[in-house]
2 protein chains.
Amino acid sequence: MYLAKIYVTLKPTVNDPQGRTIERGLKGLGFESVKGVRAGKYLEIATYENNKVTAEKQINDMCNKLLANPIIEEYHFELVQTQESNSA
Amino acid sequence: MYLAKIYVTLKPTVNDPQGRTIERGLKGLGFESVKGVRAGKYLEIATYENNKVTAEKQINDMCNKLLANPIIEEYHFELVQTQESNSA
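The sections below set out a description of the structure shown in this document. Keep in mind the model is a prediction, meaning the values are calculated, not measured.

With that settled, the discussion passes to the interface of chain B and chain A. Chain B puts 31 residues into the contact, and the matching count from chain A is 31 residues. Carbon and sulfur atoms make up 71% of the area that chain B and chain A hide from each other, which totals about 2800 Å². Taken together, the connections running from chain B to chain A amount to zero salt bridges. Scanning the region where chain B abuts chain A turns up 14 residue pairs in polar contact (both at pLDDT 80 or more). Sorting the residues of the side of chain B that touches chain A by element identifies β1 (2-10), α1 (17-28), β2 (34-47) and α2 (52-67) of chain B as the ones contributing at least two each.

Reading across the sheet, the six strands line up as β3(A)-β1(A)-β2(A)-β2(B)-β1(B)-β3(B) and stay open at both edges, with antiparallel pairing between neighbours. Whereas interior strands pair on both sides, the edge strands pair on one side only; in this sheet they are β3 (73-81) of chain A together with β3 (73-81) of chain B. Each adjacent strand pair in this sheet contributes to an overall mean axis angle of 20 degrees, direction not counted. Inspection of the sheet shows β1 of chain B paired to β2 of chain B by eight bridges, in the antiparallel sense.

Among the 14 residues in β2 of chain B, ten count as buried, and that is most of the element. Looking at chain direction, strand β2 (residues 34-47) of chain A and β2 of chain B are connected through 13 bridges and run antiparallel. When the sheet's bridge partners are listed, Ala39 of chain A is paired in β2 of chain B with Leu43 of chain B.

With an axial shift of 0.0 Å and an RMSD of 0.0 Å, the rotation relating chain B to chain A amounts to 180 degrees. When the rotation and shift are considered jointly, the pair of chain copies conforms to a two-fold rotation axis. A shared interface surface links the copies, since 100% of the contact residues of chain B are contact residues in chain A too.

Definitions and cut-offs
Residues numbered from 1 in each chain as written. Chains lettered and ligands numbered in written order. Predicted model: local features only at pLDDT ≥ 70, side-chain atom pairs only at ≥ 80, totals over all residues. Heavy atoms only, no water. Contact = heavy atoms within 4.5 Å. Buried area = accessible area lost by both parts, 1.4 Å probe. Salt bridge = Lys/Arg side-chain N within 4 Å of Asp/Glu carboxyl O. Polar contact = N/O pair within 3.5 Å; in protein donor to acceptor, adjacent residues only side chain to side chain. Helix = DSSP H or I, 4+ residues; strand = E, 2+ residues; numbered from the N terminus. Pairing = 2+ DSSP bridges. Axes fitted to C-alpha atoms, helices over the stretch in contact; angles between N-to-C directions. Buried < 20%, exposed > 50% of the residue type's maximum accessible area, 1.4 Å probe, protein only. Least-squares fit on C-alpha atoms with pLDDT ≥ 70 in both.

In structure tokens, the structure reads:
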């Protein structure tokens, strides 16, 4: 079994109103040293899949089909084995 | 200058309707091997602060005051130096 830690962020050229709002909020609280904020999503997906190559392919498919919008977002992920696999 | 990569997740005991919805969506798309999904936030905050200890303290303060809800969420972060610091 694997646990996928997935980070979805807006592409650097895309405007990030949520990040700008957080930035203004932080400055309003007195955090003057903040240079910029980018907001994104963090997802943890546990899968029963035991083959790492297959798991990687599936997570890529999930990101492209549902989790990320490839027009404005990019993603990366890491796979962590959570239990001794039987096949592999 | 430092870049803080911040991960905010719901505490394990807290219900995660967003994660459940994503899980159902993935299964509906045919990803039957999904065991569970937890949804969270991923934030990148760039700061002009050059002292790592001060930067860490500031990021902790930001998380507790604005970025995370300590009653239902937990957070962790890593600091990456983005430019040779002058003080430190």
